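# Examining the three-dimensional arrangement
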Amino acid sequence: MIVLETKKLTRAYGGVVAVSEVDFQVKDGLITGLIGPNGAGKTTLFNNMTGLDTPTSGQVFYNGEEITNKSAHRICRLGIARTFQNIRLFKELSVLENVMVGLHFKTGKDPLKGRLKAAVDSYLHVRTEYDATHEKAMKWLEFFGLSEFADELARNLPYGHQRELEIARALATDPQILFLDEPAAGMNPSETESLMNTIRRIRDLGVTVVLIEHDMKLVMNICDTITVLNYGRNIAQGTPEEIRNNEQVIEAYLGKEEE
Amino acid sequence: MGSISEFFQHLMNGLTLGGIYALIALGYTMVYGILKFINFAHGDILMVGSYIGLFTFNAIRGQQMGIWTIVAFFIAMIAGMLFSAVLGVLIERIAYKPLRRATRLAPLLSAIGVSFILSNTAAWAWGTKSRKLDYPFDNTPFTIGGVAITPHQILILVVVIIMMVSLKLFVDRSRIGKAMRATSLDQDTAKLMGIKADQIIAITFAIGSALAATAGFLIALEIKVYPSMGMMTGLKAFVAAVVGGIGNISGAMLGGILLGLLETFGVALLGIPYGMRDTIAFVALIIILLIKPEGLLGKVEKEKV
């Protein structure tokens, strides 16, 4: 089943067309890889699907519902989360608080109470709110083996753990789809190895994963399906095996022979 | 003996004044923390809040001084806070929000415009004559160890401390407070966490404006209320926020109190002429900018590449 899909999505910045008429599909429960040379438009495509950027033309559908011009916080609340290529943690908040922010809108929901009342309550029962969220947040830290760092400031975490924390924070929003933008960037081989396991464990939680990655070993190993972008266009789509043997893809990565 | 009790006398006066500066500085710093923008209309929101408080108090206080006048005082204060909170949110919606994607200069100019609109409207509607709040209770000073303390000073200190402690708890511990800190650190990422950033910004303006109104009402008690009162008070509180480290809540509290102490001790001990009192804040500003431009508790911000 297709959970997320773009139809002829185009994003131009002035005269520069970063993404051009891309039809991209994400199937439920799978790990989808999005690859392509630098500047192919991968991150731009991510930004346009998560509400950080608005397409020049084309549409985005999530579970059949159009979300093209929806704001980022609404898209998040619908069940789409993401991480960034250059890690964007709340550096001055503690590790635990980062995850608690991810739980923000879940913990605020209480249909019986009016908004004002909820706000007053969250103020009067500071401790109660803190405890409930605290417990949930700790569970996510345990999932990533980060419990011991709970009270550290996020900025003080080692690089590899910062990446994991960013994923933990995204998962705290309880997404159906998780977008990972170059999760293995800057990691050494053993860190990458453990990241692959983590991504599989996330998939096993029932979360659909979409990832941008340059590490071909990782992509070919864990992705169920791969989409290739080049110069903002979708040039191929298929299983790792099909992609590996696709001539257009090889050309995009290695260049044409006679030029 | 004389000099020691004199010292404590000035300390008491300085703390009262500093507490008021701190309350106002909090509004500047909170808004700056989230929008990286100085709300130059903040002092005028304070002015409107003090007028509303003063009018409410006059309307309900009755004739006899007693328990009711004290209750009325707090009701009036809350009325001023609520009015200013709504005013602050409205100003943000109308004059700042549409300019969020414009150049950084645009909302700043808009804020200066709002400032003039508010103070001129107040002068037109309520006159330029300054007014003073009637005492809600007997203000005869009593002396402890040679230090004369007025009941008003105690009231001011108590209100200031309650406000600061609750604000600090709110920001550090509550769910909305956490969302505020997240939004001020990285607005886009906060949105991606499902946080309604616009709502958080509105709450920030509401809280900042309510604190300013409180400060204004306390000033009405000690000094007086007039349409241009927001100008100098606002500027000095802004200096306090910068001295403490703009964007930092504890910094604003520290900066405000330091400034109050500096002004009081500057006149009393350093022999700075009373007429020059207002310059102390700005001299302090220049010194801080030269030595520690990020402010006492501020962090050096690296430019994002």
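Our subject is the structure listed above.
The structure reproduced in this document is the subject of the present report. (Residues numbered from 1 in each chain as written. Chains lettered and ligands numbered in written order. Predicted model: local features only at pLDDT ≥ 70, side-chain atom pairs only at ≥ 80, totals over all residues. Heavy atoms only, no water.)

Okay, the overall build of chain A next. On a plain count of helices and strands, chain A comes out with eleven helices and ten strands. Considering chain A as a whole, with its 259 residues, one finds that 53% of them fall into the buried category. Intrachain contacts of chain A at a sequence separation of at least 6 include 67% that bridge at least 24 residues. (Helix = DSSP H or I, 4+ residues; strand = E, 2+ residues; numbered from the N terminus. Buried < 20%, exposed > 50% of the residue type's maximum accessible area, 1.4 Å probe, protein only. Contact = heavy atoms within 4.5 Å.)

Turning our eyes to something else, we now look at the interface of chain A and chain B. Counting from both sides, the interface comprises 30 residues of chain A and, opposite them, 25 residues of chain B. Summed over both partners, the interface of chain A with chain B comes to about 2,700 Å²; 63% of that surface belongs to carbon and sulfur atoms. Notably, a salt bridge pairs A:R88 with B:D186, separated by 2.9 Å at the nearest N-O pair. Seen at the junction of chain A and chain B, the total is six residue pairs in polar contact (both at pLDDT 80 or more). (Buried area = accessible area lost by both parts, 1.4 Å probe. Salt bridge = Lys/Arg side-chain N within 4 Å of Asp/Glu carboxyl O. Polar contact = N/O pair within 3.5 Å; in protein donor to acceptor, adjacent residues only side chain to side chain.)

Below, the discussion takes up the environment of A:V99. Residues and elements named next belong to chain A. Checked against the element boundaries, V99 lands in helix 3 (residues 95-102). For the pair formed by V99 and L89, sequence separation is ten residues and the distance between their alpha carbons is 9.9 Å. Setting aside residues no more than four positions away along its own chain, V99 makes contact with A137, W140, L141, L165, A168, R169 and A172.

Attention shifts here to the pattern of salt bridges. Applying the stated criterion across every chain yields a total of 20 salt bridges over all chains. A salt bridge links A:D224 to A:R203, with the shortest nitrogen-to-oxygen separation between them at 3.8 Å. Of this pair, A:D224 sits in the loop between helix 9 (216-222) and strand 9 (225-230) while A:R203 sits in helix 8 (residues 189-204), and the two are 21 residues apart along the sequence. The class of A:D224 is partly exposed, set by a relative accessible area of 28%. By sharing partners, the salt bridges in this structure join B:E92, B:R93, B:K97, B:R100 and B:D198 into a single network.

Let us now look at the packing of helix 3 (residues 67-96) of chain B against helix 4 (residues 105-126) of chain B. Residues and elements named next belong to chain B. The geometry of helix 3 relative to helix 4 is characterised by a closest axis approach of 10 Å and an angle of 130° between their N-to-C directions. Overall, the two elements helix 3 and helix 4 adopt an arrangement that is oblique. The handedness of the crossing between helix 3 and helix 4 is right-handed. For the pair formed by helix 3 and helix 4, the contact residues are L87, I91, A95 and Y96 on the first element and P107, S110, A111, V114 and L118 on the second. The residue inventory of the contact of helix 3 with helix 4, partitioned by class, reads eight nonpolar, one polar and no charged. (Axes fitted to C-alpha atoms, helices over the stretch in contact; angles between N-to-C directions. Parallel < 35°, antiparallel > 145°, perpendicular 65-115°, else oblique. Left-handed = near helix turned anticlockwise from the far one by under 90°. Nonpolar A, V, L, I, M, F, W, Y, C, P; charged D, E, K, R; others polar.)

Residue and element names in this part refer to chain A. Across the sheet, which stays open at both edges, the four strands sit in the order 2-1-4-5 with antiparallel pairing between neighbours. Unpaired on one side and paired on the other, strand 2 (16-27) and strand 5 (65-66) mark the two borders of the sheet. With two bridges connecting them, strand 4 (residues 57-62) and strand 5 associate as antiparallel partners. If you follow Y62 over to strand 5, its bridge partner there is E65. Where helix 1 (residues 42-50) meets the sheet, its contacts fall on strand 1 (2-13), strand 2 and strand 4, and the angle it forms with strand 1 comes to roughly 115°. (Pairing = 2+ DSSP bridges.)

Glancing now at the pairing of strand 3 (residues 31-35) of chain A. Residue and element names in this part refer to chain A. Here strand 3 lies mainly inside the structure; five of its five residues are buried. What you see with strand 3 is no split at all: I31, G33 and I35 on one side and T32 and L34 on the other are buried throughout. Here strand 3 pairs with strand 8 (residues 208-212) via four bridges, running parallel. Counterpart to I31 in the pairing with strand 8 is V209. In terms of strand pairing, strand 3 meets strand 9 through four bridges, oriented parallel. Within strand 9, the position partnered with L34 by the bridge is T227.

Below, the discussion takes up the side chain of B:H152. Topologically, B:H152 is positioned in helix 5 (residues 151-173). The residues contacting B:H152, other than those within four sequence positions of it, are B:Y135, B:P136, B:F137, B:N139, B:L221 and B:E222.

Residues and elements named next belong to chain A. Spatially, 6-7-8-3-9-10 is the arrangement adopted by the six strands of the open sheet, whose pairing is mixed. Single-partner strands in this sheet number two, and they are strand 6 (80-82) and strand 10 (233-238). Averaged over all pairs of adjacent strands, the angle between their axes in this sheet comes to 20°, without regard to strand direction. Strand contacts of helix 7 (residues 159-172): strand 6 and strand 7 (177-181), with the helix running at about 155° to strand 7, the strand carrying the most contacts. Of the strands in this sheet, strand 3, strand 7 and strand 8 touch helix 8, which is tilted by about 150° from strand 8.

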